[in-house]
Amino acid sequence: MGTKNHLYINGKWTSAFDGGEMPVHNPSTGEEIEVVSAGNHKDAEASITAARMAFDQGKWKEFSANRRAGLLLKLADQIEGHTDEFASIETQNNGKTLRESKFDVAEAVKTFRYYAGLATKPLGETFELDSPMTGKVVREPVGVCAQIIPWNYPLLMASWKLAPALAAGNTCILKPSEMTPLSAIRLFELIDGLDFPPGVVNLLLGFGEAVGQPLAKSPLVDKVAFTGGTVTGKKIMQYAADNLKKVSLELGGKSPNIVFADADFETAVDYAMFAIFNNSGQVCSAGSRLLVEESIYDQFQEAIIERTQRIRVGSGFDASSQMGPLISPQHLSKVQGYITLGEEEGGKVCCGGKRLVENDLKKGNFIEPTIFINVKPEMRIAQEEIFGPVLCLIPFNTEAEAIEIANGTPYGLAAGIFTTDGAKAERVARSIRAGITWINTYEQNFVEAPWGGYKQSGLGRELGTYGLEEYMEVKQIINNLEVEPTGWFD
Ligand code: NDP
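Notes on the structure in this doc start here.

Rules and cut-offs
- Residues numbered from 1 in each chain as written.
- Predicted model: local features only at pLDDT ≥ 70, side-chain atom pairs only at ≥ 80, totals over all residues.
- Heavy atoms only, no water.
- Helix = DSSP H or I, 4+ residues; strand = E, 2+ residues; numbered from the N terminus.
- Rg over C-alpha atoms; globule rule 2.2 N^0.38 Å.
- Buried < 20%, exposed > 50% of the residue type's maximum accessible area, 1.4 Å probe, protein only.
- Lys, Arg positive; Asp, Glu negative; His and termini not counted.
- Charge placed at Lys NZ, Arg CZ, Asp CG, Glu CD.
- Pairing = 2+ DSSP bridges.
- Right-handed = clockwise from strand over helix to strand, strands pointing away.
- Polar contact = N/O pair within 3.5 Å; in protein donor to acceptor, adjacent residues only side chain to side chain.
- Contact = heavy atoms within 4.5 Å.
- Near = heavy atom within 4 Å.
- Areas by Shrake-Rupley, 256 points an atom, 1.4 Å probe, with all protein chains shown as cover.
- 1 Å grid on protein atoms, 1.4 Å probe; cavity = no way out; pocket = protein on both sides within 12 Å on 5 of 7 lines; lining within 4 Å.
- Sits in = over half its atoms within 2 Å of the grid points.
- Points joined across faces, edges and corners; volume = space filled by probe spheres on them.
- Axes fitted to C-alpha atoms, helices over the stretch in contact; angles between N-to-C directions.
- Phe/Tyr/Trp six-rings, centres within 6.5 Å; stacked < 30°, edge-to-face > 60°.
- Lys NZ or Arg CZ within 6 Å of the ring centre and 35° of its normal.

## Here we look at the overall build of the protein
A tally of regular secondary structure across the protein gives 14 helices and 22 strands. Taken over the C-alpha trace, the protein has a radius of gyration of 24 Å; the compact-globule value for 490 residues is 23 Å, and the two agree within 12%. Taking the principal axes of the C-alpha coordinates as reference, the protein spans close to 80 × 60 × 40 Å. Per-residue burial for the protein yields a buried fraction of 56% across its 490 residues. Side-chain charges of the protein comprise 46 positive and 62 negative groups, with the mean position of each set lying 3 Å from the other.

## Here we look at the pairing of strand β13 (residues 289-293)
β13 sits mainly inside the fold: five of its five residues count as buried. Examined bridge by bridge, strand β12 (residues 256-259) and β13 share four bridges and lie parallel to one another. Paired with N257 across the strands is L290, a residue of β13. For the handedness criterion, the β-α-β arrangement of β12, helix α9 (residues 265-277) and β13 is classed as right-handed. Sheet topology note: the β13/strand β16 (residues 390-396) ladder contains five bridges and is parallel. Directly across from L291, in β16, lies its bridge partner I394.

## So, the side chain of K424
Counting through the fold element by element, K424 comes out in helix α13 (residues 422-431). Residue K424 is classed as buried on the basis of its relative accessible area, which comes to 13%. Only 3.3 Å separates the side chain of K424 from the side chain of D262, close enough to count as a polar contact. When near neighbours in sequence (up to four residues on either side) are disregarded, K424 contacts F260, D262, E399 and T419.

## With respect to the site of the ligand
Residues in close proximity to the ligand total 29 residues, the closest being I149, W151, E178, G229 and K334. Y239 places a side-chain nitrogen or oxygen 3.0 Å from a nitrogen atom of the ligand. For the ligand, an oxygen atom lies 2.5 Å from a polar atom in the side chain of K334. Across the complex, the protein chains shield 87% of the 860 Å² of accessible surface that the ligand would expose by itself. With respect to the pocket detection grid, the ligand is positioned in the largest pocket. Elements supplying a minimum of two residues to the shell around the ligand: α7 (208-217), β10 (223-227), α8 (230-240) and α11 (329-344).

## As for the layout of surface pockets
In this model, the largest pocket occupies a volume close to 1400 Å³. In terms of lining residues, the largest pocket is bounded by 50 residues, among which W151, S177, E178, M179 and T232 are the most central. Elements supplying a minimum of two residues to the lining of the largest pocket: β3 (21-25), α7, β10, α8 and α11. Element by element, the count of residues in the lining of the largest pocket is highest for α8, at seven residues.

## Thoughts on the sheet that holds β16
If you trace the seven strands from one edge of the open sheet to the other, you get β14-β15-β16-β13-β12-β18-β19, paired in mixed fashion. Unpaired on one side and paired on the other, β14 (348-351) and β19 (436-439) mark the two borders of the sheet. Neighbour-to-neighbour, the strand axes of this sheet turn through a mean angle of 25°, independent of strand direction. Sitting on the sheet, α11 is in contact with β14, β15 (370-373) and β16, with an inclination near 20° to β15.

## A look at the packing of aromatic side chains
Following the criterion strictly, the structure yields twelve aromatic pairs and no others. Aromatic rings pair up to connect W160, W438, Y442 and W451 into one cluster. For K61, the ring lying beneath its charged end belongs to F55, and the centroid distance is 4.3 Å. Against the face of Y471 rests K223, its NZ or CZ located 4.8 Å from the ring centre.

In structure tokens:
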């Protein structure tokens, strides 16, 4: 990244119109890693024009599904071939451990391959009509897609957005978070080496208000796909209302992880930790409310505290680290603010709770994995998304009570259920108002399975065939085989 041109618009690297730049930091050390271009509304307009022209007039329309699939497969191979480099960029820019980064790179590769495959598979239907008409349904691309992504999974979110949109034949403008643009820049260097016509895939860097807002408002954009916080998601929907563009939103959560007394104890403890401390808790589907059946509550609490105290927090580059830092000093303050609030509300921190400041850790945004007990379901720490390694333990007595607590927030993204009773697992899964439910596992994402939330956790689904449908219009074609007047007004 030796260049000062970090926007990729109409097939060319360019700097921001007004010369804007922004620093990018390493959350483990606080150091500035890079200064990158930061656009404003003029750059947003340039990228929209490029994507519009490429969709309406360019060669992209002539690319068969097979040819689009070929490009995505090549991109997947290229990403895979640069796995170590991408993992290192992600760990440097986001802070997550190298193990987590490598996992993300592998998932990004799978995503491009999966949608390359789907692009060429049969789509659409035919239906029988009263003679002499025939009917069929075809799928067509939506058009120009603005794709705004957050900082917690920079490369993976880019792939979840770009792969289905390009497979379906759309043109795209990707807007990464201002905090984590580096893996997207590297991804676009690879894209630049492939045969995408100019304007089909564009990279727009800058602050949310400066470039994200004009994308979401523009009447020339047909769809906005957003992943991020619920507050921003609501704004996106309002901006999009101007031209009623299509909207898909993948927002926050306060997901319940329910452990029944008959669960396999060790498995449940293990996944309960993975559910909240993976990626430092900065996960939309994090299992941030752990609902444990009263009869095993004390034993479970003891086991999870004992294991959580052993989690090694440190730089993602240190092979012994199991949990990295939070993304920014501002986000660290927000998470610390919630810990203070939780204590004021009557919750008790029984593990962690403090910023880590020993030696070099003080330069980064490190915080201890934290567990709250004495939590009432209605407390703000049990209702609002903290987006950090903060777990609320809540006891329950009956299946009905567990379901009521689980459903008792404005969110509905994910839920975990741990039990060895198969019928109970199925019953509870069906009673939970959430788009993703896991039985005896947690946080297992599959590109094949739809991802998204009920209630204020979002709109629409990513991944699987559902994710492709979000980037397609449905058209009916009725064909009259007897071409003669109806005579209706004779
Ligand atoms: P945001 O939702 O604000 O950011 C997500 C993306 O939206 C970023 O690319 C951001 O750009 C962009 N954006 C911000 N404001 C606007 C706007 N007005 N118009 C268009 N685009 C915009 O997340 P934050 O980083 O501010 O985090 C806030 C909270 O959101 C977190 O504490 C967490 O609770 C939640 N969150 C949830 C995520 C999830 O996966 N569900 C992911 C990230 C955050 P920029 O970064 O440049 O501002």
